[in-house]
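# Working through the structure, step by step
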Amino acid sequence: MTGPGPGPRDVEDLLRLHAPQVLGALVRRYGHFDAAEDAVQEALLAAAGQWPRDGVPANPRGWLIRVASRRLTDALRAEAARARREERAVRLEPREVRAAPADDDALTLLFLCCDPGLPPAGRVALTLRAVGGLTTAEIARAHLVPEATMAQRISRAKARLREAGADRTFRPPGPEDRDARLASVLQVLYLIFNEGYTATSGPALHRADLAREAIRLTRTVRRLLPREGAVTGLLALMLLTEARSAARTGPHGELVPLDEQDRTRWDRAAIAEGTALVEEALTEGPPGPYQLQAAIAALHDEAPDAAGTDWPQILALYDVLVARSPGPDPMAELGRAVALAMVEGPEAGLAALAALEPRLARSHRLAAVRGHLLERAGDPKGAAGAYRAAARATLSLPERRYLQTRAARLDP
């Protein structure tokens, strides 16, 4: 052990970093995804109680693997005994789990969670839980379903993996199902990043640990698949978006909208890297949703100020994005409505919002955008009402305070 002294937050960050790597190592060695995840959770709880008191081990990942491996083999022995399979239990004596490169295990775990035998919703939920570290409640909020429904969805996904035996062969997918799994992996990474960049609930606007983890995993995918335009585009989108994070909140944690941010606080190195990746991604085949969103983010980041934003070009990109999306994408259409309002006036944007109402009636973002456009159109009372409706609908405290403040300024 190193000397004591790490705080709870330091330990939490360390555990979040190693959890998917440890789970990947156990599944690679033993299979049994659901039992392995339970064992890893027990090891994480043991570390959370022991490390702040005794100090962090010199090899924290190895410590977690050893403890989780013991818990898992104990559980499997008990299961084998109950099922009268004593000979199987004999072979499950704890052994040293070979430590593969951390990125390999995390990436393979991503592909396992995105097994094509699982329904799409189950792939997303299971990966967010096992790799992204989100709670079941957070995943449920992101998908606008009750927590009990999401818990059942995750349990069913684990059961499907167990029944199919997919967790017993822990290796990257073959060429026959690579594209389907990669698309699902990228969707999950995008959701993890979004939860980190704008938390769906709680007192903090930004969960930097999740955003960093999504970027790290996306870098890993790109390193192994360097010529995939969608992967490159997603990494560019994350970097260009995360580059603004330092300017998104004020001194007291209050939300600062994009057009009011101090752009000198933006991360210019991340913007330069993201812009270069956009240019590369656009040469790697027809642009898909991630490449197009990254190109939009680059136009925002390259503008010298809010007034200098190239809104006509952004609107043109949104037109392509909406047209090329594989299915209806209300959030892309919401972004297009904002761009349309900036180019043709708020009334045009409000008309576009009206068409979105049936699909986004429960979204606080629709109400927030309506408030913004009504304010620009000279209807302060209507804007204040829309801001208050948005404030009631969001679970994010910084967003709620911001929306309430906008409403109070317009209609004291």
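Look up: the structure comes first, before these words.
A brief report on the enclosed structure follows.

Quick notes on the rules
- Residues numbered from 1 in each chain as written.
- Predicted model: local features only at pLDDT ≥ 70, side-chain atom pairs only at ≥ 80, totals over all residues.
- Heavy atoms only, no water.
- Core = buried A, V, L, I, M, F, W, Y, C linked by side-chain atoms within 4.5 Å.
- Buried < 20%, exposed > 50% of the residue type's maximum accessible area, 1.4 Å probe, protein only.
- Contact = heavy atoms within 4.5 Å.
- Helix = DSSP H or I, 4+ residues; strand = E, 2+ residues; numbered from the N terminus.
- Polar contact = N/O pair within 3.5 Å; in protein donor to acceptor, adjacent residues only side chain to side chain.
- 1 Å grid on protein atoms, 1.4 Å probe; cavity = no way out; pocket = protein on both sides within 12 Å on 5 of 7 lines; lining within 4 Å.
- Points joined across faces, edges and corners; volume = space filled by probe spheres on them.
- Nonpolar A, V, L, I, M, F, W, Y, C, P; charged D, E, K, R; others polar.
- Phe/Tyr/Trp six-rings, centres within 6.5 Å; stacked < 30°, edge-to-face > 60°.
- Axes fitted to C-alpha atoms, helices over the stretch in contact; angles between N-to-C directions.
- Parallel < 35°, antiparallel > 145°, perpendicular 65-115°, else oblique.
- Left-handed = near helix turned anticlockwise from the far one by under 90°.
- Expected span 1.5 Å × (residues − 1).
- Disulfide = S-S within 2.5 Å.

## Observations regarding the nonpolar core
Ranked by size, the top nonpolar core spans 96 residues in total, and within it Leu26, Phe33, Leu64 and Leu189 carry the most contacts. When near neighbours in sequence (up to four residues on either side) are disregarded, Leu64 contacts Leu15, His18, Val22, Ala43, Leu44, Ala47 and Trp51. Ala367, Ala368, Ala390 and Leu403 belong to the second-largest nonpolar core, a separate cluster that totals 11 residues.

## Some details on the environment of Asp262
With respect to the helices and strands, the residue Asp262 is situated in the loop between α11 (229-242) and α12 (268-281). Residue Asp262 is classed as partly exposed on the basis of its relative accessible area of 39%. Separated by 50 residues in the primary sequence, Asp262 and Pro312 have C-alpha atoms spaced 23 Å apart. A polar side-chain atom of Asp262 sits 2.5 Å from a polar atom in the side chain of Thr264.

## Quick word on the layout of surface pockets
Vacant regions in the atomic arrangement are exposed by a probe of water-molecule size rolled over the atoms. Volume-wise, the second largest pocket comes out at about 550 Å³. Contributing to the lining of the second largest pocket are 28 residues, with Leu15, Arg16, Gln41, Leu44 and Gly133 lying nearest its centre. Contributions of two or more residues to the lining of the second largest pocket are made by α1 (8-30), α2 (33-54), α6 (120-130) and α10 (208-224). Considering every element that reaches the lining of the second largest pocket, the biggest residue donor is α1, with nine residues. Its residues assigned to classes, the lining of the second largest pocket shows 15 nonpolar, five polar and eight charged.

## A short note on the packing of aromatic side chains
Counted according to the given criterion, the structure contains three aromatic pairs. With 5.3 Å between their ring centres and 70 degrees between their planes, Trp51 and Trp63 make a pair best called edge-to-face. You can see Trp51 sitting in helix α2 and its partner Trp63 sitting in helix α3 (residues 60-82), a full 12 residues away along the chain. By relative accessible area, which is 0% here, Trp51 ends up buried. Judged by centre distance (5.6 Å) and plane angle (75 degrees), the ring pair of Tyr190 and Tyr290 falls under edge-to-face. In this pair, Tyr190 sits in helix α9 (residues 178-197) while Tyr290 sits in helix α13 (residues 289-302), placing the two residues 100 residues apart along the sequence. Classification of Tyr290 by relative accessible area gives buried; the value is 14%.

## Overview of the packing of α10 against α11
Close contact between α10 and α11 brings their axes to 9 Å; oriented N to C, the two are set at 150 degrees. On the basis of the axis angle, α10 is roughly antiparallel to α11. Every pair of crossing elements has a handedness; the one defined by α10 and α11 is left-handed. The residues of α11 that touch α10, namely those facing Ala211, Ala214, Ile215, Thr218, Arg219, Val221 and Arg222, are Val231, Thr232, Leu234, Leu235, Met238, Leu239 and Glu242. Across the contact of α10 with α11, the residue classes tally to nine nonpolar, two polar and three charged.

## Quick word on the side chain of Asp34
Looking at the element boundaries, Asp34 is found in helix α2. In contact with Asp34, other than residues within four places in its own chain, are Lys158 and Arg162.

## Digging into the environment of Val369
When you line up the elements, Val369 lands in helix α17 (residues 364-376). Ignoring any residue separated from it by four or fewer positions in sequence, one finds Val369 in contact with Leu334, Val338 and Leu353.

## A short note on the environment of Ala157
Locating Ala157 in the fold gives a position in helix α8 (residues 147-164). Judged by its relative accessible area of 2%, Ala157 is buried. In this structure, the C-alpha to C-alpha distance between Ala157 and Thr220, residues 63 residues apart in sequence, is 25 Å. Setting aside residues no more than four positions away along its own chain, Ala157 makes contact with Leu118, Gly122 and Leu126.

## A word on α17
With 13 residues, α17 should reach 18 Å at 1.5 Å per residue; the first-to-last C-alpha distance of 19 Å fits that figure. Of the positions making up α17, those classed as buried are His364, Leu366, Ala367, Ala368, Val369, Gly371, Leu373 and Leu374. Elements that come into contact with the buried residues of α17 comprise α15 (330-344), α16 (346-360), α18 (380-393) and α19 (397-410). Immediately beyond the C-terminal end of α17, within one or two residues, lies Gly378, with a positive phi of roughly 85 degrees.

## What about the state of the cysteines?
For the structure on display, the rule yields zero disulfides. No disulfide involves Cys113; its nearest neighbouring cysteine sulfur is the one of Cys114, lying 6.6 Å away. Of the residues examined, Cys113 reaches a relative accessible area of 0% and is grouped as buried. For Cys114, a relative accessible area of 0% translates into the label buried.

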